[in-house]
Amino acid sequence: MPVTIFRSRLRSENSEKYYQWSERMNELAKAMPGYVSHKGFTAPDGERVTIVEFSDFESQKAWAQHPEHREAMKLGRAEFYEDYEIIVCDVVRRSAKKK
(Lines give C-alpha, C1' and ligand atoms only; values in the text may rest on other atoms or scores of the structure.)
Protein backbone atom coordinates (compact mmCIF):
# COMPACT_ATOMS: atom_id res chain seq x y z
CA MET A 1 0.00 0.00 0.00
CA PRO A 2 1.44 3.40 -0.92
CA VAL A 3 1.55 6.22 1.59
CA THR A 4 2.19 9.77 0.44
CA ILE A 5 3.62 12.27 2.90
CA PHE A 6 3.12 15.86 1.80
CA ARG A 7 5.07 18.44 3.82
CA SER A 8 4.51 22.12 3.15
CA ARG A 9 4.43 25.69 4.37
CA LEU A 10 1.73 28.00 3.08
CA ARG A 11 2.34 31.50 1.80
CA SER A 12 0.35 34.06 3.74
CA GLU A 13 -1.25 35.52 0.61
CA ASN A 14 -3.90 33.57 -1.38
CA SER A 15 -5.06 31.66 1.69
CA GLU A 16 -8.76 32.03 0.83
CA LYS A 17 -8.15 30.60 -2.65
CA TYR A 18 -5.98 27.83 -1.16
CA TYR A 19 -8.72 26.70 1.25
CA GLN A 20 -11.29 26.63 -1.57
CA TRP A 21 -9.03 24.40 -3.64
CA SER A 22 -8.12 22.31 -0.60
CA GLU A 23 -11.79 21.60 0.14
CA ARG A 24 -12.36 20.51 -3.47
CA MET A 25 -9.26 18.26 -3.44
CA ASN A 26 -10.46 16.63 -0.19
CA GLU A 27 -13.83 15.82 -1.77
CA LEU A 28 -12.25 14.60 -5.00
CA ALA A 29 -9.64 12.40 -3.27
CA LYS A 30 -12.30 10.69 -1.16
CA ALA A 31 -14.23 9.81 -4.34
CA MET A 32 -11.22 8.24 -6.09
CA PRO A 33 -11.17 4.44 -6.50
CA GLY A 34 -8.66 2.95 -4.07
CA TYR A 35 -8.74 5.90 -1.67
CA VAL A 36 -8.20 4.79 1.93
CA SER A 37 -7.66 7.93 4.01
CA HIS A 38 -5.90 11.22 4.46
CA LYS A 39 -5.25 13.39 7.46
CA GLY A 40 -3.43 16.69 7.91
CA PHE A 41 -1.47 18.15 10.81
CA THR A 42 0.03 21.58 11.41
CA ALA A 43 3.06 22.09 13.63
CA PRO A 44 3.51 25.16 15.85
CA ASP A 45 6.19 26.47 13.45
CA GLY A 46 3.71 26.44 10.55
CA GLU A 47 4.87 23.29 8.80
CA ARG A 48 1.94 21.24 7.53
CA VAL A 49 2.00 17.47 6.98
CA THR A 50 -0.66 15.49 5.17
CA ILE A 51 -0.57 11.70 5.12
CA VAL A 52 -2.49 10.09 2.25
CA GLU A 53 -3.19 6.36 1.84
CA PHE A 54 -4.39 4.56 -1.28
CA SER A 55 -4.97 0.82 -1.54
CA ASP A 56 -2.46 0.36 -4.38
CA PHE A 57 0.03 2.25 -6.51
CA GLU A 58 -2.28 2.27 -9.55
CA SER A 59 -4.91 4.17 -7.55
CA GLN A 60 -2.30 6.55 -6.11
CA LYS A 61 -0.97 7.23 -9.62
CA ALA A 62 -4.51 7.89 -10.92
CA TRP A 63 -4.93 10.49 -8.16
CA ALA A 64 -1.59 12.09 -8.99
CA GLN A 65 -2.65 12.34 -12.64
CA HIS A 66 -6.25 13.48 -12.11
CA PRO A 67 -6.74 16.69 -14.18
CA GLU A 68 -8.18 18.80 -11.33
CA HIS A 69 -5.47 17.56 -8.97
CA ARG A 70 -2.83 18.45 -11.59
CA GLU A 71 -4.27 21.98 -11.79
CA ALA A 72 -4.19 22.23 -7.98
CA MET A 73 -0.55 21.14 -7.99
CA LYS A 74 0.33 23.87 -10.51
CA LEU A 75 -1.44 26.47 -8.37
CA GLY A 76 0.32 25.13 -5.29
CA ARG A 77 3.74 25.61 -6.83
CA ALA A 78 2.89 29.04 -8.25
CA GLU A 79 0.68 30.57 -5.55
CA PHE A 80 0.06 28.55 -2.37
CA TYR A 81 3.28 27.02 -1.05
CA GLU A 82 6.37 28.73 0.28
CA ASP A 83 8.01 25.30 0.14
CA TYR A 84 6.90 21.68 -0.08
CA GLU A 85 8.15 18.11 -0.27
CA ILE A 86 6.33 15.00 -1.48
CA ILE A 87 7.46 11.58 -0.30
CA VAL A 88 5.81 8.41 -1.64
CA CYS A 89 6.47 5.29 0.43
CA ASP A 90 5.52 1.63 0.24
CA VAL A 91 4.29 0.14 3.49
CA VAL A 92 6.48 -2.85 4.34
CA ARG A 93 5.11 -3.49 7.81
CA ARG A 94 2.13 -2.28 9.78
CA SER A 95 0.97 -2.87 13.34
CA ALA A 96 -1.67 -1.12 15.39
CA LYS A 97 -3.67 -1.07 18.56
CA LYS A 98 -7.18 0.26 18.01
CA LYS A 99 -10.28 0.45 20.16
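Below, the structure is looked at part by part.

About the cut-offs
- Residues numbered from 1 in each chain as written.
- Predicted model: local features only at pLDDT ≥ 70, side-chain atom pairs only at ≥ 80, totals over all residues.
- Heavy atoms only, no water.
- Axes fitted to C-alpha atoms, helices over the stretch in contact; angles between N-to-C directions.
- Helix = DSSP H or I, 4+ residues; strand = E, 2+ residues; numbered from the N terminus.
- Parallel < 35°, antiparallel > 145°, perpendicular 65-115°, else oblique.
- Left-handed = near helix turned anticlockwise from the far one by under 90°.
- Contact = heavy atoms within 4.5 Å.
- Nonpolar A, V, L, I, M, F, W, Y, C, P; charged D, E, K, R; others polar.
- 1 Å grid on protein atoms, 1.4 Å probe; cavity = no way out; pocket = protein on both sides within 12 Å on 5 of 7 lines; lining within 4 Å.
- Points joined across faces, edges and corners; volume = space filled by probe spheres on them.
- Phe/Tyr/Trp six-rings, centres within 6.5 Å; stacked < 30°, edge-to-face > 60°.
- Buried < 20%, exposed > 50% of the residue type's maximum accessible area, 1.4 Å probe, protein only.

1. Some points on the packing of helix H1 (residues 15-31) against helix H3 (residues 67-80)
Angle between the axes and distance between the axes are the two parameters that describe a pair of packed helices.
Thinking step 1. Where H1 contacts H3, the axes come no closer than 11 Å and their chain directions differ by 155°. It follows that H1 is roughly antiparallel to H3 by the angle criterion. Like other packed secondary-structure pairs, H1 and H3 cross with a definite hand, here left-handed. Between H1 and H3, the residues in contact are Lys17, Tyr18, Trp21, Arg24, Met25 and Leu28 and Glu68, His69, Glu71, Ala72, Leu75, Glu79 and Phe80, respectively.
Thinking step 2. Classifying every residue of the contact of H1 with H3 gives seven nonpolar, one polar and five charged.

2. A look at the packing of helix H2 (residues 57-65) against H3
Thinking step 1. For the pair H2 and H3, the least separation of the axes is 5 Å and the interaxial angle reads 60°. On the basis of their axis angle, the class for H2 and H3 is oblique. When H2 is examined against H3, the residues Trp63, Ala64 and Gln65 are found in contact with a partner set consisting of Pro67, His69, Arg70 and Met73.
Thinking step 2. Taken together, the residues of the contact of H2 with H3 break down into four nonpolar, two polar and one charged.

3. Some thoughts on the layout of surface pockets
Thinking step 1. Estimates place the volume of the largest pocket at around 760 Å³.
Thinking step 2. Around the largest pocket, the lining is made up of 31 residues, and of these Phe6, Thr50, Trp63, His69 and Tyr81 lie nearest the centre.
Thinking step 3. Of all the elements in the fold, those that place two or more residues in the lining of the largest pocket are strand S1 (2-10), H1, strand S2 (35-42), strand S3 (48-54), H2, H3 and strand S4 (81-90).
Thinking step 4. Of the residues belonging to the lining of the largest pocket, the class tally is 17 nonpolar, 11 polar and three charged.

4. Thoughts on the packing of aromatic side chains
Note on aromatic pairs: each is described by the distance of the centres and the angle between the planes.
Thinking step 1. Scanning all chains against the criterion turns up seven aromatic pairs.
Thinking step 2. Ring centres 5.2 Å apart and planes at 80° place the aromatic pair phenylalanine 6 and tyrosine 81 in the edge-to-face group. Of this pair, phenylalanine 6 sits in strand S1 while tyrosine 81 sits in strand S4, and the two are 75 residues apart along the sequence. Of the two residues, phenylalanine 6 and tyrosine 81, both sit in the buried class.
Thinking step 3. Seen in terms of ring centroids, tyrosine 81 and tyrosine 84 are 6.1 Å apart; in terms of plane orientation they differ by 55°. Their pairing is tilted.
Thinking step 4. On the accessibility criterion, tyrosine 84 (37% relative accessible area) is partly exposed.
Thinking step 5. Through a chain of ring-to-ring contacts, the aromatic side chains of Phe6, Tyr18, Tyr19, Phe80, Tyr81 and Tyr84 assemble into a single cluster.

Interpretation in functional terms is not warranted from these geometric data alone.
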